[in-house]
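Given next are the chains, with one letter for each unit.
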Amino acid sequence: MAAAALLLLVGCGEEAQLPAAEPYVWDLPEGFPTPRIPEDNPMSAGKVELGRHLFYDVRLSLNETQSCASCHRQDLAFSDGLERSVGSTGELHPRNSMSLTNAAYNPVQTWANPLLDRLEEHVLVPMFGEEPVELGMAGREDVLLERLEEDERYPAWFDQAFPEDEAPISIGNITKALAAFQRTLISGRSAYDHFVYGSESEALSESALRGLDLFFGERLECFHCHGGFNFTANVQHDGTAFREVSFQNTGLYNIDGLGSYPARDTGVYEITLRPSDMGKFRAPTLRNITVTAPYMHDGSMQTIDEVIDHYARGGRLIETGPDAGDGALSPLRSGFVAGFEITSEERADLKAFLQSLTDESFLRDPGLSDPFATD
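For the structure given in this document, a descriptive report is provided here.

Criteria and thresholds
- Numbers given to residues run from 1 along each chain, matching the order in which its sequence is written.
- Local features in this predicted model are restricted to residues of pLDDT 70 or higher, and side-chain atom pairs are both shown and tallied only at a pLDDT of 80 or more, whereas totals for entire chains, interfaces and linings draw on every residue.
- By convention in this description, side-chain values take in all heavy atoms of the structure and omit both hydrogens and water.
- Numbering goes from the N terminus for both helices and strands, where a helix is a DSSP run of H or I of at least four residues and a strand is a run of E of at least two.
- Each radius of gyration is computed over the set of C-alpha atoms, and the globule rule expresses the reference value as 2.2 Å times the number of residues to the power 0.38.
- Remark: exposure states derive from per-residue accessible area (1.4 Å probe, protein chains only) relative to the maximum for the residue type, with buried under 20%, exposed over 50%, and partly exposed in between.
- All accessible areas in this document rest on Shrake-Rupley with a 1.4 Å probe, and a residue is counted as covered only by the protein chains that are shown.
- Asp and Glu count as negative and Lys and Arg as positive, but His and the ends of the chain are not part of the count.
- One atom stands in for each charge, and that atom is NZ of Lys, CZ of Arg, CG of Asp or CD of Glu.
- As a rule, the C-alpha atoms of each element are fitted with a line to give its axis, helices using only the stretch in contact, and angles between N-to-C directions run from 0 to 180 degrees.
- An angle below 35 degrees is treated as roughly parallel, one above 145 as roughly antiparallel, one from 65 to 115 as roughly perpendicular, and anything else as oblique.
- Put simply, a crossing is left-handed when the front helix is turned counterclockwise from the back one by less than a right angle, and right-handed when it is turned clockwise.
- Here, residues are in contact when the closest pair of their heavy atoms is within 4.5 Å.
- Each residue is assigned to one class: nonpolar for Ala, Val, Leu, Ile, Met, Phe, Trp, Tyr, Cys and Pro, charged for Asp, Glu, Lys and Arg, and polar for all the others, Gly among them.
- The rule is simple: put a 1 Å grid over the protein atoms alone, call a set of points where a 1.4 Å probe fits but cannot get out a cavity, call an open set with protein on both sides within 12 Å along at least five of seven lines a pocket, and count a residue as lining if it has an atom within 4 Å of a point.
- Grid points are joined across faces, edges and corners, and a volume is the space filled by probe spheres set on the points.
- Two cysteine sulfur atoms form a disulfide, by the criterion used here, when they sit within 2.5 Å.

**Thoughts on the overall build of the chain**
Part 1: Secondary structure assignment for the chain yields 14 helices and four strands.
Part 2: The C-alpha radius of gyration of the chain comes to 21 Å, within 12% of the 21 Å expected for a compact globule of 375 residues.
Part 3: By its C-alpha atoms, the chain is 65 × 50 × 35 Å across when sized along the principal axes.
Part 4: The buried share of the chain, reckoned over its 375 residues, is 56%.
Part 5: Only carbon and sulfur atoms are counted for the fraction: they give 52% of the accessible area of the chain, which is about 16000 Å².
Part 6: Charge-centre separation for the chain: the mean point of 28 positive side chains lies 5 Å from the mean point of 60 negative side chains.

The following block contains the structure:
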């Protein structure tokens, strides 16, 4: 992969050189379109590799205990395996850490913010957000810049990645480099891809093939929110004429009989204040889904079986406690969450298909891994 090749170009010592402003050469999986790149942040090999170092650098947190990779681990498809993420000061995040798999194709970022449509803006949230505190750098931009300026390698690396800037070490360029690296987190070499795009007829088991038919059938209706090459209804790339954005209420909560979600996490409604947006969240990609548990925006489901049960029922029933309510009776629940019957054999087939979406090469690609681990 192009990203992996960069490892050969980055040494460990003071004289290490990035590949400067050389254009980044996409090594896209078969059948994948070219991501749409913002005009003010063109890809370059040097910028991507700089972003990789920043992504794994704990100096991006105020107390130097966490990096971006702390909540986005490569072996977990750039998620973190927790119900809800924990910031560098120990503050619990209200949401589950969404996988960064194929973030380059997202028309909007995060679970429920329709306004956050650029990775360059998105990376500001964990660094400088205060509700909750993640990396904890709010108001301490000077500390972050000073740390990078005093490093023996970063000044030269920023110069090479942003050769036209008089002062290349800046918050704006940090976000551009991080966004460039995250756009290379592309996964599309799973067994499913070998079967569909590589014409490898033996790539999927008989069980997975039956699961494929179930997944794309009208009875289960999974594909309505998780269709296309990226298994999500939210997508944009060089070939799309407009952004395809979809937020859905899946009947996870219904605490008042009117469709309300807990006040701590109301979805798109928190941004728009439109009652119809209550409980709406973005359907994430299902690529690598078997390694990104727990599931749902709040990590409230531990297993794929729980998720299947939820959709089979047509909404979740919470019988006691402050969040009690029947999501299947929510008037705001998506029409695609209508419930279905599924046999134990069909469940096994569906799970086999979902397992076929795991891209082992992505989880181990050295070009996406921690560069400091080899320093």
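**Focus on the packing of helix H12 (residues 304-313) against helix H13 (residues 344-355)**
Between two packed helices, both the angle of their axes relative to each other and the distance between the axes serve to describe the pair.
Part 1: With their axes 11 Å apart at the nearest point, H12 and H13 run at an angle of 120° to one another. As summarised for this structure, H12 and H13 are arranged oblique, according to the angle between their axes. Viewed along their axes, H12 and H13 form a crossing whose handedness is right-handed. Where H12 approaches H13, its residues Ile304, Asp305, Ile308 and Asp309 are matched on the opposing element by Arg347, Leu350, Lys351 and Leu354.
Part 2: Taken together, the residues of the contact of H12 with H13 sort by class into four nonpolar, no polar and four charged.

**Examining the layout of surface pockets**
Part 1: Roughly 880 Å³ of volume is contained in the largest pocket.
Part 2: Listing elements by their share of the lining of the largest pocket, those giving two or more residues are helix H3 (68-71), helix H5 (124-128) and helix H11 (269-272).
Part 3: Looking at the lining of the largest pocket residue by residue, the classes come out as 17 nonpolar, 17 polar and eight charged.

**A word on the state of the cysteines**
When the sulfur atoms of two cysteines share a covalent bond, that bond is a disulfide.
Part 1: Using the criterion set out here, one finds zero disulfides in the structure.
Part 2: A disulfide-free cysteine, Cys71 has its sulfur positioned 9.0 Å from the sulfur of Cys68, the nearest such atom.
Part 3: Here Cys225 is not disulfide-linked; the sulfur of Cys222 is the nearest cysteine sulfur, at 9.4 Å.

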